[in-house]
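Listed below are the residues making up each chain.
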Amino acid sequence: MDHYDSQQTNDYMQPEEDWDRDLLLDPAWEKQQRKTFTAWCNSHLRKAGTQIENIEEDFRDGLKLMLLLEVISGERLAKPERGKMRVHKISNVNKALDFIASKGVKLVSIGAEEIVDGNVKMTLGMIWTIILRFAIQDISVEETSAKEGLLLWCQRKTAPYKNVNIQNFHISWKDGLGFCALIHRHRPELIDYGKLRKDDPLTNLNTAFDVAEKYLDIPKMLDAEDIVGTARPDEKAIMTYVSSFYHAFSGAQKAETAANRICKVLAVNQENEQLMEDYEKLASDLLEWIRRTIPWLENRVPENTMHAMQQKLEDFRDYRRLHKPPKVQEKCQLEINFNTLQTKLRLSNRPAFMPSEGRMVSDINNAWGCLEQVEKGYEEWLLNEIRRLERLDHLAEKFRQKASIHEAWTDGKEAMLRQKDYETATLSEIKALLKKHEAFESDLAAHQDRVEQIAAIAQELNELDYYDSPSVNARCQKICDQWDNLGALTQKRREALERTEKLLETIDQLYLEYAKRAAPFNNWMEGAMEDLQDTFIVHTIEEIQGLTTAHEQFKATLPDADKERLAILGIHNEVSKIVQTYHVNMAGTNPYTTITPQEINGKWDHVRQLVPRRDQALTEEHARQQHNERLRKQFGAQANVIGPWIQTKMEEIGRISIEMHGTLEDQLSHLRQYEKSIVNYKPKIDQLEGDHQLIQEALIFDNKHTNYTMEHIRVGWEQLLTTIARTINEVENQILTRDAKGISQEQMNEFRASFNHFDRDHSGTLGPEEFKACLISLGYDIGNDPQKKTGMMDTDDFRACLISMGYNMGEAEFARIMSIVDPNRLGVVTFQAFIDFMSRETADTDTADQVMASFKILAGDKNYITMEELRRELPPDQAEYCIARMAPYTGPDSVPGALDYMSFSTALYGESDL
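Along each chain, numbering runs from 1 in the same order as the chain's sequence is written. Note on the predicted model: pLDDT of at least 70 is required for a residue's local features to be given, and 80 or more for side-chain atom pairs to be given and counted; whole-chain, interface and lining totals, by contrast, use all residues. Just so you know, side-chain values use all the structure's heavy atoms and leave hydrogens and water out.

Chemist: What is the right way to read the environment of D702 from this model?
Modeler: The secondary structure listing takes helices from DSSP runs of H or I that are at least 4 residues long and strands from runs of E that are at least 2 residues long, numbered from the N terminus. Its location among the elements puts D702 in the loop between α24 (682–697) and α25 (710–741). Taking the C-alpha atoms as reference points, D702 and R632, separated by 70 residues in sequence, lie 8.4 Å from one another.

Chemist: Explain the environment of F249 here, please?
Modeler: For F249, the location among the structural elements is in helix α13 (residues 235–298). Relative accessibility thresholds used throughout: buried, under 20% of the residue-type maximum; exposed, over 50%; partly exposed, between the two (1.4 Å probe, protein chains only). Overall, the relative accessible area of 6% leaves F249 in the buried class. Each C-alpha atom, one on F249 and one on L216, is 8.9 Å from the other, the two residues being 33 residues apart in sequence.

Chemist: Mind showing me how you'd approach the confidence of the model for the protein here?
Modeler: On average, residues of the protein carry a pLDDT of 80, and 84% of them reach 70 or more. As a per-residue measure, pLDDT tells how confident the predictor is, with possible values from 0 to 100. Here, residues are in contact when the closest pair of their heavy atoms is within 4.5 Å. Low confidence marks residues 1–25, where pLDDT is under 50. Its contacts with residues over four positions away, or in another chain, come to 44 contacts. Every residue in residues 766–790 scores below 50 in pLDDT, and together they form 60 contacts with partners more than four places removed in sequence or on other chains.

Chemist: When you look at the pattern of salt bridges in this model, what are you seeing that I'm missing?
Modeler: Side-chain pairs of opposite charge can arise where the charged atoms are in close proximity. Any carboxyl oxygen of Asp or Glu within 4 Å of a side-chain nitrogen of Lys or Arg constitutes a salt bridge here. Under the criterion given, the structure shown has 53 salt bridges. Between D175 and K198 there is a salt bridge whose closest N-O contact spans 2.7 Å. With a gap of 23 residues between them, D175 in the loop between α9 (146–158) and α10 (177–186) and K198 in the loop between α10 and α11 (201–215) connect regions that are remote in the sequence. The class for D175 is buried, based on a relative accessible area of 13%. Here K198 falls in the partly exposed class, since its relative accessible area comes to 48%.

Chemist: Honestly, helix α23 (residues 664–680) in this entry has me stumped. Any pointers?
Modeler: One turn of an α-helix holds 3.6 residues; hence residues three or four places apart share an orientation. How far a helix is expected to stretch is found by multiplying one less than its residue total by 1.5 Å. For α23, built from 17 residues, the straight-helix expectation of 24 Å at 1.5 Å per residue is met to within 8% by its first-to-last C-alpha distance of 25 Å. Considered for burial, the residues of α23 that qualify are L664, Q667, L668, L671, Y674 and I678. The arc that holds the buried residues of α23, viewed along the axis, is 120 degrees, so those residues lie on one side. Residues of α23 that are exposed and angled more than 90 degrees away from the buried face: Q673, K676 and N680. This arc describes the spread of directions from the helix axis toward the C-beta atoms.

Chemist: Where do I start with the packing of aromatic side chains in this structure?
Modeler: The description of an aromatic ring pair rests on the distance of the ring centres and on the angle between the ring planes. Ring pairs shown here join Phe, Tyr and Trp side chains whose ring centres sit within 6.5 Å, with only the six-membered ring taken for Trp; geometry is labelled stacked below 30 degrees between planes, edge-to-face above 60, and tilted in between. The full count for this structure, using the stated rule, is 31 aromatic pairs. Geometrically, the ring pair formed by W296 and Y378 is tilted, given 5.6 Å between the ring centres and 45 degrees between the ring planes. In this pair, W296 is assigned in helix α13 and Y378 in helix α15 (residues 361–410), connecting sequence segments 82 residues apart. Residue classification places W296 among the partly exposed residues on the basis of a relative accessible area of 34%. The side chain of K413 reaches across the aromatic face of W409, ending 4.9 Å from its centre. Above the ring of Y864, the side-chain terminus of K862 is found at 5.6 Å from the ring centroid. Our definition puts a charge over a ring when NZ of Lys or CZ of Arg is within 6 Å of the ring centre and also within 35 degrees of the ring normal.

Dropping the structure here:
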């Protein structure tokens, strides 16, 4: 064995020195190795017509071990011993171990005696050593060997499969997809890889094992259940089984490698030949193009016109922009292809490429240099010719442009200067025309330079013998003649404009003065007409007297106004005289005003007519206001008597209702006497109504002689009638309450005294200040203010009154009392409600319980009553009243037609609903 093989073997076998220490510590691994190594051995022993069943027993005599080595090595071993004795077996095993050692394999701690004794651990170690040497050691992938090479081969073959990731020879193979991927990569028709699932490892493993055994002649060396059931499958068992796949597919791989090598060599050769052909063709085409182009660039015959020379320049630019750049790229590509070809030939050990005669890179560079030299001279010649023609064309074009601009500017100028538009213009228009003329003169002076430039350019074109000089000279002469004529017309127009301006300025001053005096005078007349025709509404003598005084003052100003009118008309007459004298053609009327002398005279006549009409209207209105004043005084005298009388009666009635003088019958008698006296006063009210009607018909809206209006009198009269009627009714109700409840006059007086004590304002209600007085009566230090009495108490006043009379007022009790005295929740307690409540609390009155007891007597002590009993015991109308309102009785002792008198009784007193 040479040094390379020995070194490679020793390097790989070095990890097996740890066999005794680490191997077969796991029973699951031992089981996997037994099955795998046994299957591997049988795959080779079958070639010799035999096999083993028990790996540690069948190799003990050394015979099948020697046979296995002969089959896998292809060599003959020493003749075995056929004896059955132990010494014979040890001799045969030693021969086998010596053969293994002769292959450069270092056996560590493995002796013939352990094999003969059936030591499982040593036997499996020996078989693993044989597998490494004869099945795995020769595997090489990209300069890696043995285990690394086999792992790299697996990774390369399974790389296209995304759900396969081979990183080792144990857990990477547990899902079975790695074995299936190896088979599918080389024999895709054997496995439908798309149907496999990563979560079904048993199916995947059994599929791979069955297919490998059936179609690849690889025996089952592993159990799917053992691999799935082991956390970390045995690495050596997996490597042994995977190496069988490698050897099964290695033949196809070698053929593929050989074919690839041939194809690679042929492809390189074909590519080189194509590059040579491309170079020859490209070089020929490029040289032919250079040969055709150089004569075109050497042609230096000049053209007669600028257009023709520019066309030549445009053709040359097309050549530089469109035709030459592709050839530059071709030349560059030609050099790149040549260098690339030479490099590829050198790297592939081919002879260097030699182009045909005249097509070397240097030949092409020389031809290209000549092309660029000619090209440079051609461009210089074109530019010089173009500059020469450009100067002449520029001068001619400059002359035409300046001449056209000048002619366009002068077009219509002579007609404009001959116009007599100033004869009908106003002063403002004349001034505008003068300013416009000044601007034209400035513009004319500015164009003097252009005229001189035109003449200078024409002179230069003549000196350079321009082919179209005659037409240039004729055009230049026409421009100069026209220029002189424009100067003369400009001076003439200025003189006419200035003369007209002076005349119009004089007229304008007169117009302005006329406008300044006519406008205020016209406004005065319009104001006077408006005042004289203005309808006036007055309500007093003083107002009509003021209007009359103002009218007299106005009439006093009329003589001075007439003098101003005549002066204004004189200004207008002066303007007319100037127009007639100097034959001025007036284009319009006065620009400062639209007021004409005719309008002034017309308005003045109208003012004179309106003055007497105004005198008559003021006189008539003065008489009407005197009549109205008499009506005011008549109404005021009566109203000032009736108003206080009503107020006095109201106060007297209030005192009668509050004060406790005499019995209630005395108070009632007194009130009825008051009522009679009030009714007897009605004719005076009617008379006042008549006076008021006259005032309304005269449209009199105010009266300084009285503060009373008819509406105040009416409201006071109605309140007086209402108050006396209500007060009489209250006294009558108090008498009814007293008689019905059996209240004595002393009790009634006591009730009135208590109510009046807190009703300080005598209005029948108590406000916050009255309530303070109540609190003081209970011991609180609260100040009192003057009050007025209304005859009513609000909620808090009534509560204080009750407490002062001995009632114990809790919130619930007070709420109950307020629901009785103020059922409408108005927040006030009248004296009548107060009496009703106090009489109920002090008098012996009927209650719901008493009424129910009475009904029970009529019903014969039953809880219900019948219609017959009601009609028998009560008057007919009252019996029918009860029958119509009593609800049917629904108790357990009810009979047909029974009525519920209990709910009826409570409803009578508001304790339930009828």
